[in-house]
Structure formats: C-alpha cells, structure tokens
Amino acid sequence: MRLNVYRDLLKLGLPIMIGQLGVIILSFADTMMVGRYGGGALGAASFVNNMFNLVIVFSTGFSYGLTPIISNHFGRGDASGVGRMLRNSLVVNALAALALMLIMFVLYLFVDRLGQPVELLPLIRPYYLVLLVSLLFVLLFNAFKQFSDGITDTLTPMYILLGGNLLNIFGNWLLIYGNLGFPEMGLLGAGISTLVSRIAMLLVFVLLFMSARRYRPYKEGFMSSRINTEDSRALYKMGMPVGLQMGMETASFSLSTIMVGWLGTMALEAHQVMITVGQLGFMMYYGMAAAVAVKAGYHHGRGELQGVSDNVSAGFRIILVMAAMVCIPLFIFRSQIGFLFTDNAGVAALVAQLVIPFVVYQFGDGMQCNYSNALRGISDVKKVTRYAFIAYFLVSLPAAYIMGFIFNWGLVGIWFSFPLGLTTAGLLFYSRYRRSIR
C-alpha cells in the first residue's frame with residue numbers, strides 16, 4: 001500500500017480529530033468545573049449528559065448520511081448538487097430535531113421515575129431543559145459540518161468547534177462560579193453556557209457559507225435549488241440507519257447509566273469521569289473513521305474499489321496505533337485520573353478500577369468505528385441497524401445487568417459489558433464490509 005494513502009487520510013482526518021478533541025477538552029473542562037462546584041452537581045450532570053449524549057450521537061449519525069452523498073457529488077464535480085443536498089439536509093435535520101426534542105420532553109416528564117437519587121432532581125430538571133433547547137442548533141450545525149467534511153474542507157469546522165468550545169469554557173467560568181459580576185448559577189450556568197456556544201457556532205458557519213469565496217459554487221446551487229422529496233428521502237434512507245446504529249451504541253452507555261444510578265451518587269460520579277475520559281479514544285477513532293468514510297465515498301463514486309480497500313485498511317491501522325497511544329498513559333496513571341475531577345478518594349478509586357475494562361474495549365471500539373464508516377462511505381447501511389441491535393441490546397445491556405447485579409460486580413461489572421458489545425459490533429461490521437466489496 002502506498003504511503004500517500006496514509007498521508008492523505010491523515011491530512012483529511014487530523015482536522016476532524018482535532019475538532020473532536022476540542023469537544024473532549026470541553027467535556028473534561030465541564031466535568032472538572034462542575035465537579036469542583038460540588039453539591040451533587042457532578043452526579044446530576046452525569047445523568048443528564050448521558051441521556052442527551054444518546055440523542056446527540058443519534059443526530060450526528062443521522063447527519064452523517066449527508067457525507068457520502070456530498071462526497072459522490074464532489075467526486076463528480078457537481079457543485080450544484082452539493083449545494084442542493086445541503087439545503088435539503090438542513091430541512092431534514094430541523095425536522096429530526098423537533099421530533100427528538102418532543103421525545104426528550106416526554107422523558108423529562110418522567111425523570112423522577114427513573115430511580116435516580118432524589119436529592120439530585122432539583123439540579124437535574126433545569127439543566128435538562130436548557131440542553132433540550134440546544135438540540136435544534138446541534139443538528140443544524142451538524143448539517144453544515146458534514147457538508148464541509150464531504151467536500152474535504154475539514155479545517156473550517158475544526159476552527160469553529162475549537163472556538164465554540166473556548167467560548168463554552170469561558171461561559172462556564174462566568175456562570176458556574178459567578179465571576180466578573182455574573183450570577184453564580186452552578187450546573188444551570190454550565191447548561192446556559194453550552195446553549196450560547198451552540199448558537200454561536202451555527203451562526204458563524206452560516207455567515208461563512210454565505211460570504212466565503214470557497215463556498216460560492218455550492219452557495220449558488222443552494223440558493224437556486226428547492227426542497228424536494230427525492231433528495232430528502234435519499235438523506236433519510238442514508239442517515240436513519242447510521243443514526244440508529246450510533247444511537248444504539250450510545251444507548252448501551254446511556255441506559256447503563258440508569259443502572260449505575262441504582263448504585264448511588266459515588267458510582268454515578270465515577271462513571272461520569274470515566275465516560276469523559278473514555279470519549280478521548282472514541283472521538284479520535286471516529287475522527288479518523290470519518291475521513292475513511294469520505295475517502296471511501298469518493299473512490300466508490302468513481303468506481304475505484306481498490307482505492308476503497310486501501311483507505312479502509314489504512315484507516316484501521318492508524319486507529320490501532322491511536323488506541324495504543326490512548327491506553328498506555330491511562331493505564332500507567334489510572335490511580336491519579338480521578339483526582340483531576342474530584343477530591344473524593346472513593347470516586348478516584350472507582351475510576352482506577354474502570355480503566356481496566358476501558359483498555360479492554362479499545363480494539364472493539366476502533367474496529368466498529370472504522371468498518372461502520374467504511375460501510376457508510378460505500379452507501380451500504382441497510383444492515384447496520386440490525387447489527388447494532390444485536391451487539392448493544394442483545395449482548396451489551398443484558399451483560400451489564402448480569403455482571404453488575406446478578407454477579408454482584410457492581411460498577412466494574414457494568415463496564416465489562418462494553419467490550420462484549422463493541423467487539424461484537426466490530427466483527428459484524430467487518431464481515432459485512434468484506435462481503436460488500438467482493
């Protein structure tokens with residue numbers, strides 16, 4: 001395999017990864033700042049963030065349906081088609097956002113029946129509502145980001161994400177603790193800061209799209225086209241299976257959080273810390289895997305199956321190297337990680353135990369990221385939902401309950417279910433990919 005395959009993948013994927021790492025930095029900062037505030041804020045944030053992570057990951061996956069379609073138009077030099085698909089994607093994503101907001105509001109009405117510590121409910125409710133409002137802006141931003149990635153302009157969304165994250169962190173400092181004359185709002189302040197940053201990132205992308213010279217060919221197609229059912233249906237057929245696949249994966253973590261809540265506030269806090277740390281690997285892998293999807297879509301649109309195969313294989317090798325880079329320092333410093341987020345020695349000790357199952361599931365996580373995105377790139381997403389259901393609902397969630405509560409392994413037992421689900425998913429996606437490119 002030629003070295004330029006690795007070079008081109010890294011050139012495309014590194015900005016996506018850096019933007020994703022910016023999200024991780026924000027998540028680290030959020031968790032640290034909320035954890036230092038105390039008063040149960042970290043436990044409440046753990047519950048709400050994990051509930052919304054499910055929706056946000058689903059919506060991100062749904063928007064990913066745009067990327068291979070854009071890549072195919074881009075590979076054929078069809079700038080007008082690119083703009084037309086972006087316009088339809090914005091409408092489809094807005095409708096999806098409204099549906100998701102309604103579902104999450106219904107869940108909010110029953111939040112006191114999910115078995116969470118009763119003392120956290122006054123913190124959970126207002127924070128939940130603010131994040132609910134922000135969902136619309138997340139989905140609209142996703143549409144612009146996937147458009148930009150699809151035309152291989154991965155630097156622009158990277159800069160916007162990093163800028164938005166810095167704004168969010170500064171807003172946290174103002175509103176959580178009440179600095180510079182702002183009111184001290186605790187966890188609710190963190191939610192308001194998140195909402196403001198998400199609105200700002202969308203507005204910046206809209207302004208750039210309407211004014212930047214490099215987007216002019218696509219803007220013409222965007223402005224001259226109309227919303228039509230054919231394009232909307234194509235986006236739905238591509239995006240829904242990917243969204244469900246990613247949503248089911250996140251659901252195995254989010255629904256496990258409900259089980260973790262049965263173990264008490266300390267377990268919730270340790271779970272939140274390790275979920276935050278664990279996102280480091282996932283976001284890196286998915287950043288590179290997103291580049292795999294773009295390159296696979298480009299070559300697939302041109303009928304170059306060898307180009308598809310070369311990029312998918314190179315992407316998996318790069319992800320394995322990343323997995324080693326993540327796991328080695330985390331394992332060495334596992335006893336110190338928890339103290340970055342909290343002064344509670346009990347929570348830090350639980351975090352150290354969770355590093356072991358985290359290391360175990362990195363191979364499966366990298367594998368499922370790479371090959372699910374390879375399938376997305378070649379527009380073979382019909383069966384990914386079925387495979388995700390098997391891996392995460394028939395394997396991972398039952399295993400979490402069995403190991404956590406029947407075997408009485410507690411929080412560590414719940415976490416050892418994740419390697420089972422992720423590796424199962426990776427093997428199923430790999431098998432489907434091999435059949436698809438023959």
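See the structure shown above.
Structure report, in brief. Keep in mind the model is a prediction, meaning the values are calculated, not measured.

Attention now goes to a nonpolar patch on the surface. The grouping of Leu-102, Phe-105, Val-106, Leu-109, Phe-110 and Leu-129 at the surface amounts to a nonpolar patch, some 520 Å² of accessible area in total. Of all the elements, helix α4 (residues 79–109) adds the most residues to the nonpolar patch, at four residues. Structurally, Phe-110 can be placed in the loop between α4 and α5 (121–150).

Taking 1.5 Å as the rise per residue, α5 with 30 residues should run 44 Å; its terminal C-alpha atoms sit 42 Å apart, in good agreement. The largest bend in α5 is about 35°, located at Ser-134. The element α5 is extensively covered by neighbouring structure, given that 22 of its 30 residues are classed as buried.

One pass over the full model with this rule turns up five salt bridges. Across the salt bridge formed by Arg-7 and Asp-8, the nearest N and O atoms sit 3.2 Å from each other. Assessed through its relative accessible area of 26%, Asp-8 is described here as partly exposed. Between Lys-145 and Asp-149 there is a salt bridge whose closest N-O contact spans 2.8 Å. Placement of both Lys-145 and Asp-149 in helix α5 is noted, with a separation of four residues, approximately one turn of the helix. Both residues of the pair, Lys-145 and Asp-149, belong to the buried class.

This part covers the nonpolar core. Membership of the largest hydrophobic core comes to 135 residues, with the highest contact counts inside it found for Phe-147, Trp-415 and Tyr-433. With 18 residues, helix α10 (residues 265–301) is the largest single contributor of residues to this core. Not counting chain neighbours up to four residues away, the residues in contact with Tyr-433 comprise Val-308, Ser-309, Val-312, Tyr-371, Ala-374, Leu-375 and Ile-378.

Here the focus is the environment of Met-325. Relative to the assigned elements, Met-325 resides in helix α11 (residues 305–332). In this structure Met-325 comes out as exposed when scored by relative accessible area, which is 56%. Residues Met-325 and Gly-281 lie 44 residues apart in sequence; the distance between their C-alpha atoms is 9.1 Å.

Another point: the side chain of His-73. Its location among the elements puts His-73 in helix α3 (residues 66–75). A residue is classified by how much of its surface remains accessible, and His-73, at 10% relative accessible area, is buried. Once residues within four sequence positions are removed from consideration, His-73 is found in contact with Asp-78, Gly-81, Val-82, Arg-84 and Met-85.

Turning our eyes to something else, we now look at the side chain of Gln-362. Relative to the elements of secondary structure, Gln-362 occurs in helix α14 (residues 362–377). A relative accessible area of 3% places Gln-362 in the buried class. With near-sequence residues (within four places) excluded, Gln-362 lies in contact with Gly-281, Tyr-285, Ala-323 and Cys-327.

Our next topic: the packing of helix α9 (residues 229–261) against α10. Two elements in contact, α9 and α10, have axes separated by 10 Å at closest approach and are oriented at 165°. Viewed along their axes, α9 and α10 adopt a mutual orientation that is roughly antiparallel. Considering the relative orientation of α9 and α10, their crossing is right-handed. Within the contact between the two elements, α9 uses Gln-245, Met-246, Glu-249, Phe-253, Thr-257, Val-260 and Gly-261 and α10 uses Ala-267, Leu-268, His-271, Ile-275, Phe-282 and Tyr-286. Of the residues that constitute the contact of α9 with α10, the class distribution is eight nonpolar, four polar and one charged.

So, about the packing of α3 against α10. One can describe the packing of α3 onto α10 by two numbers: an axis separation of 8 Å at closest approach and a directional angle of 45°. In this view, α3 runs oblique relative to α10, as classed from their interaxial angle. Crossing handedness for the pair α3 and α10: right-handed. For the pair formed by α3 and α10, the contact residues are Thr-67, Ser-71, Asn-72 and Gly-75 on the first element and Val-294, Gly-297, Tyr-298, His-300 and Gly-301 on the second. Looking at the contact of α3 with α10 residue by residue, the class counts come to two nonpolar, seven polar and no charged.

Bringing α9 into the picture now. The largest bend in α9 amounts to roughly 30° and is located at Ala-251. Counting buried positions along α9 yields 25 of 33 residues, so the element is predominantly enclosed. Measuring from the side-chain oxygen of the N-cap residue of α9 to the backbone nitrogen of Glu-230 gives 3.3 Å; that N-cap residue is Asn-228.

Parameters and conventions
- Residues numbered from 1 in each chain as written.
- Predicted model: local features only at pLDDT ≥ 70, side-chain atom pairs only at ≥ 80, totals over all residues.
- Heavy atoms only, no water.
- Patch = residues over 30% accessible without salt bridge, like charges linked within 9 Å, V, L, I, M, F, W, Y side chains within 5 Å.
- Areas by Shrake-Rupley, 256 points an atom, 1.4 Å probe, with all protein chains shown as cover.
- Salt bridge = Lys/Arg side-chain N within 4 Å of Asp/Glu carboxyl O.
- Helix = DSSP H or I, 4+ residues; strand = E, 2+ residues; numbered from the N terminus.
- Expected span 1.5 Å × (residues − 1).
- Bend = angle between axes of the 7 residues up to and from the residue.
- Buried < 20%, exposed > 50% of the residue type's maximum accessible area, 1.4 Å probe, protein only.
- Core = buried A, V, L, I, M, F, W, Y, C linked by side-chain atoms within 4.5 Å.
- Contact = heavy atoms within 4.5 Å.
- Axes fitted to C-alpha atoms, helices over the stretch in contact; angles between N-to-C directions.
- Parallel < 35°, antiparallel > 145°, perpendicular 65-115°, else oblique.
- Left-handed = near helix turned anticlockwise from the far one by under 90°.
- Nonpolar A, V, L, I, M, F, W, Y, C, P; charged D, E, K, R; others polar.
- Polar contact = N/O pair within 3.5 Å; in protein donor to acceptor, adjacent residues only side chain to side chain.

Remember that the coordinates give geometry; whether it matters functionally is a separate question.
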